Protein chains: 2
Amino acid sequence: MDTSEFRKRGKEMVDYIADYYDQLDTRQVYPDVEPGYLRHLIPDSAPQEPESFEDVLKDVERIIMPGVTHWHSPYFFAYFPTASSFPALLADVLSGGIGCIGFSWGSASEATLVTLLAARTKMIRRVQSENPELTEADIMSRLVAYASDQAHSSVERAGLIGGVMIKNIPSDDKFAVRGSALKKVLHEDRAAGLIPFFFCATLGTTPCCSFDRLLELGPICNRETIWMHVDAAYAGSAFICPEFRYLLNGVEFADSFNFNPHKWLLVNFDCSALWVKKRSDLTSAFKLDPLYLQHCHQDSGNSSFRSLKMWFVFRMYGIKGLQEYIRKHVKLSHEFENLVHQDERFEICAEVTLGLVCFRLKASNELNEALLKSINESRKIHLVPCHLREKFVLRFAICSRTVESFHVQFAWKHISKLATDLLKAQEQPQQ
Amino acid sequence: MDTSEFRKRGKEMVDYIADYYDQLDTRQVYPDVEPGYLRHLIPDSAPQEPESFEDVLKDVERIIMPGVTHWHSPYFFAYFPTASSFPALLADVLSGGIGCIGFSWGSASEATLVTLLAARTKMIRRVQSENPELTEADIMSRLVAYASDQAHSSVERAGLIGGVMIKNIPSDDKFAVRGSALKKVLHEDRAAGLIPFFFCATLGTTPCCSFDRLLELGPICNRETIWMHVDAAYAGSAFICPEFRYLLNGVEFADSFNFNPHKWLLVNFDCSALWVKKRSDLTSAFKLDPLYLQHCHQDSGNSSFRSLKMWFVFRMYGIKGLQEYIRKHVKLSHEFENLVHQDERFEICAEVTLGLVCFRLKASNELNEALLKSINESRKIHLVPCHLREKFVLRFAICSRTVESFHVQFAWKHISKLATDLLKAQEQPQQ
């Protein structure tokens, strides 16, 4: 394919994407296929001779699309949003086209890992400078990191990778970690000879979007020289609106902060922003200098060209446009929350602050599991569950860029109807 | 921006990319700007109100492009290639447009890290089952991993992250690790009470594209239950050609194998393929199951939608087209090698097997450094250096999708002329 064919095919692809979005609400949000369905639809090996673009694109619609979960469908209310916007897509085409390689962006999970490792190195050096007789292995075996019992599994995985102990701090009745809970665990662990070195606070937990109390936790961490990392992967985007910034109070105590514009700030996957208070804590933990990676200006902090899509989005939405976008999503989640409130069969399971509503039938876990199953099996909308304490809970997340009140109302009517059917079936005697 | 504007702007962007490639050989390959130049050209904050696409695109050309290193310029001979092709770009537009999230692809550095961690877990469990009195920390402090003294810095970094010792195995006069060298180190380390658990073999090292001897190394690793990981990040793509597969002999002993189609197989960044002999070694080392990440079919091995671009490339080039591409690059590197051979002032510093030529003036390191400096400062072509033993060496890598004999000939004339100027200046008495 030369540039003149690329001009033709590229424009066809642009139309394909535009058509895709124009008709996205008519596509079934969640696929019917079973894993492995593709195996019989594609050949065992790559073709010897080139094929035409038409043939490939025909197969996209015929065999690939039936397997796609449409994350941008307005009927997708699962997980958290993954961002998508036309300016970001355009920037991606451009940065893909230029194909310039950069090195310094990652995802929130990587941010947690990288900061945990930097904190580990920092603490090992500190302890060794005071106790030169201790080996690195001695110290490692006593290090302990902390996160909320509501924190994302990537924190536990970071501990696993880093070879250090990770402990959960019990959250309160609002699923938030309080200073008193951290203090209690620190006291016990110090007494047992452990060395606390890292606390990952979460703003906007994955199960229910709860917020750890930075104002209480930060001073404790600072006093005890524990690295405080703030994982605001989802909620971070909301802080573009002043009315949500009270949730950030205490961030001044943090050693590092991460959020994912690719979740909720209209920047296509992937784009994750990590801020560190003291840059050298990171660089000195990982510094290795092979000659072929030495640039004259390598310490100047150049980031990957993925920033291009962020720049396109900032400019073409403006801060106001981004604020409106966040506010619209939050409004829609409250609209759904109100619908749930009005139905006595249901309960809200956690405070609704941003775009996530956790709810369930006032009934057994089994019945709620059956409800979720019937919702997802009907393929009209898509939701995922979580556990809050021992309860099986349904998560309704406002995700799509194009979701409107209409879709939320439809989703609720649909859920409500399936609940009615389920409860009716329950009342029938078993066959 | 709605879909109808996206249709218009998307097509303009396609033309912009096509124009970019049509005129890429007229752009200066390496920028003149200093780091930080952008700071004064862009505002301190994002705009409150949205801006127009025209304004943004104008700024791309005015302020962004002057800072770009053109990795796809036919005058770019630095590092290794980073892939780019129109089918892959089209697939990226599509997968970006669909915006479906997947989880299981990474880069070669991540592959090394992930396999090292899996090997670490496996060895810890094995040692503990035989010696239940040992703690994990005891075992960790005795674990040792190995790689060639020519291996990529990411291997050392993986050890740093995993908290285990990493040792370099001395390579031979062809910069290859031999079985005898590994045996010697293993013998010493076992005698010292260490526990060898991981060896990272490299096929196509970054400094000079040398190849560790898998046929000698594999049986040793298997016998001593050392996980052998094969990092073929760059060279792996060449194995699509049967004539290069002799370099793979012994791969049957490997526990894991990685290569980056985004380097040399025309699949745009990023796309890295990791194969593991025993899947459960990986999954059991990292298994964590929060409810919101549990899918019914999570063990079925679904990969991210990045595979879409690989599929587009395979189909639209065909295996033959990909083989031709690799062979053309290898031919061009031999063409450059011959040019260097014909000039008595220069020497070839390592065997040329694939698309990389390591060469230098038969002169001091200082003079070779000065030559590289004058090459890169003239901005006509771009090269990076490496160290081989104590020598400062210039790396000439065939990178661009569109590089032709013409560009290679030009590059050599340019280098040769700069060398002449440099040697002449040397002969002049200092002012």
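Residues numbered from 1 in each chain as written. Chains lettered and ligands numbered in written order. Predicted model: local features only at pLDDT ≥ 70, side-chain atom pairs only at ≥ 80, totals over all residues. Heavy atoms only, no water.

Looking now at the packing of aromatic side chains. Residue and element names in this part refer to chain A. If you walk through the whole model with that rule in mind, you get 34 aromatic pairs over all chains. Centre to centre, the rings of phenylalanine 76 and tyrosine 79 are 6.3 Å apart; their planes meet at 25 degrees, and the pair counts as stacked. Comparing phenylalanine 76 with tyrosine 79 shows no difference in burial state: the two are buried. Ring-pair connections join several aromatic residues into one group, and the members of that group are Phe77, Phe336, Phe346, Phe359, Phe396 and Trp412. Lying over the aromatic face of tyrosine 21, arginine 401 brings its terminal NZ or CZ to 5.6 Å of the ring centre. Over the aromatic face of phenylalanine 86 sits the side chain of arginine 401, whose NZ or CZ is 4.8 Å from the ring centroid. (Phe/Tyr/Trp six-rings, centres within 6.5 Å; stacked < 30°, edge-to-face > 60°. Buried < 20%, exposed > 50% of the residue type's maximum accessible area, 1.4 Å probe, protein only. Lys NZ or Arg CZ within 6 Å of the ring centre and 35° of its normal.)

Residues and elements named next belong to chain A. Taken N-terminus to C-terminus, the directions of helix H11 (residues 307-341) and helix H13 (residues 405-427) make an angle of 25 degrees; their axes are 10 Å apart at the nearest point. Classified by the angle between their axes, H11 and H13 sit roughly parallel to one another. Crossing of H11 against H13: the hand is right-handed. Each of Leu332, Glu335, Phe336, Leu339 and Val340 in H11 lies in contact with H13, whose residues at this interface are Ser405, Val408, Gln409, Trp412 and Ile415. The class makeup of the residues in the contact of H11 with H13 is 7 nonpolar, 2 polar and 1 charged. (Axes fitted to C-alpha atoms, helices over the stretch in contact; angles between N-to-C directions. Helix = DSSP H or I, 4+ residues; strand = E, 2+ residues; numbered from the N terminus. Parallel < 35°, antiparallel > 145°, perpendicular 65-115°, else oblique. Left-handed = near helix turned anticlockwise from the far one by under 90°. Contact = heavy atoms within 4.5 Å. Nonpolar A, V, L, I, M, F, W, Y, C, P; charged D, E, K, R; others polar.)

Take the sheet that holds strand E1 (residues 143-148) of chain A next. Residues and elements named next belong to chain A. Spatially, E2-E1-E3-E4-E5-E6 is the arrangement adopted by the 6 strands of the open sheet, whose pairing is mixed. Of all strands in the sheet, those with a lone pairing partner are strand E2 (165-169) and strand E6 (273-276), marking the two edges. Strand-to-strand twist across the sheet, computed as the mean angle between neighbouring axes with direction ignored, equals 20 degrees. Pairing of E1 with strand E3 (residues 195-202), which is carried by 5 bridges, proceeds in the parallel orientation. (Pairing = 2+ DSSP bridges.)

Looking now at the pattern of salt bridges. If you walk through the whole model with that rule in mind, you get 64 salt bridges over all chains. A:Lys328 is paired through a salt bridge with A:Glu404; the nearest N and O atoms lie 3.0 Å apart. Placement of A:Lys328 in helix H11 and of A:Glu404 in the loop between strand E10 (391-397) and H13 is noted, with a sequence separation of 76 residues between them. Assessed through its relative accessible area of 30%, A:Lys328 is described here as partly exposed. Notably, a salt bridge pairs B:Asp281 with B:Lys122, separated by 2.9 Å at the nearest N-O pair. With B:Asp281 in helix H10 (residues 279-286) and B:Lys122 in helix H4 (residues 108-130), this residue pair connects regions lying 159 residues apart in the sequence. Connected through salt bridges with shared partners, the residues A:Glu5, A:Lys8, A:Arg9, A:Glu12 and A:Glu54 form a single ionic network. (Salt bridge = Lys/Arg side-chain N within 4 Å of Asp/Glu carboxyl O.)

Another point: the relation of the copies chain B and chain A. Superposition record for chain B on chain A: RMSD 0.0 Å, screw rotation 180 degrees, translation along axis 0.0 Å. Accordingly, the operation relating the two chain copies is best matched by a two-fold axis. In this assembly, 100% of the residues forming the interface of chain B have copies in chain A that are likewise at the interface, indicating an isologous arrangement. (Least-squares fit on C-alpha atoms with pLDDT ≥ 70 in both.)

Moving on, we get to the environment of A:Phe406. Assignment of secondary structure puts A:Phe406 in helix H13. By relative accessible area, A:Phe406 is classed as exposed at 55%.

This part is about the confidence of the model for chain A. All names here are of chain A. Overall, the predicted model of chain A reaches an average pLDDT of 89, with 93% of residues at or above 70. A low-confidence stretch, residues 295-303 (pLDDT under 50), is modelled with 12 contacts involving residues beyond four sequence positions or located in other chains. Among the prediction metrics, the complex's ipTM stands at 0.79, with pTM recorded as 0.84. (pLDDT = per-residue confidence, 0-100.)

As for its placement among the helices and strands, A:Ile42 is situated in the loop between helix H1 (3-22) and helix H2 (53-64). C-alpha separation for the pair A:Ile42 and A:Ile63, spaced 21 residues apart in sequence, amounts to 8.3 Å. Discounting residues that sit within four places of it in the chain, A:Ile42 has contacts with A:Ile63 and B:Trp311.

Our focus in this paragraph is the pairing of strand E2 (residues 165-169) of chain B. Residues and elements named next belong to chain B. Two strands pair when backbone bridges link them, and strand E1 (residues 143-148) and E2 are joined in this way by 5 bridges, in the parallel orientation. Each residue of the ladder has a partner; that of tyrosine 146, found in E2, is lysine 167. Viewed along the sheet, the connection from E1 through helix H6 (residues 153-162) into E2 turns out right-handed. (Right-handed = clockwise from strand over helix to strand, strands pointing away.)

A word on the pairing of E10(A). Residues and elements named next belong to chain A. E10 sits mainly inside the fold: 6 of its 7 residues count as buried. Two strands pair when backbone bridges link them, and strand E8 (residues 356-361) and E10 are joined in this way by 4 bridges, in the antiparallel orientation. Paired with valine 357 across the two strands is phenylalanine 396, which belongs to E10. As consecutive antiparallel partners, strand E9 (residues 384-388) and E10 are separated by 2 residues, and within that stretch arginine 389 has a phi angle of approximately 50 degrees, a positive value.

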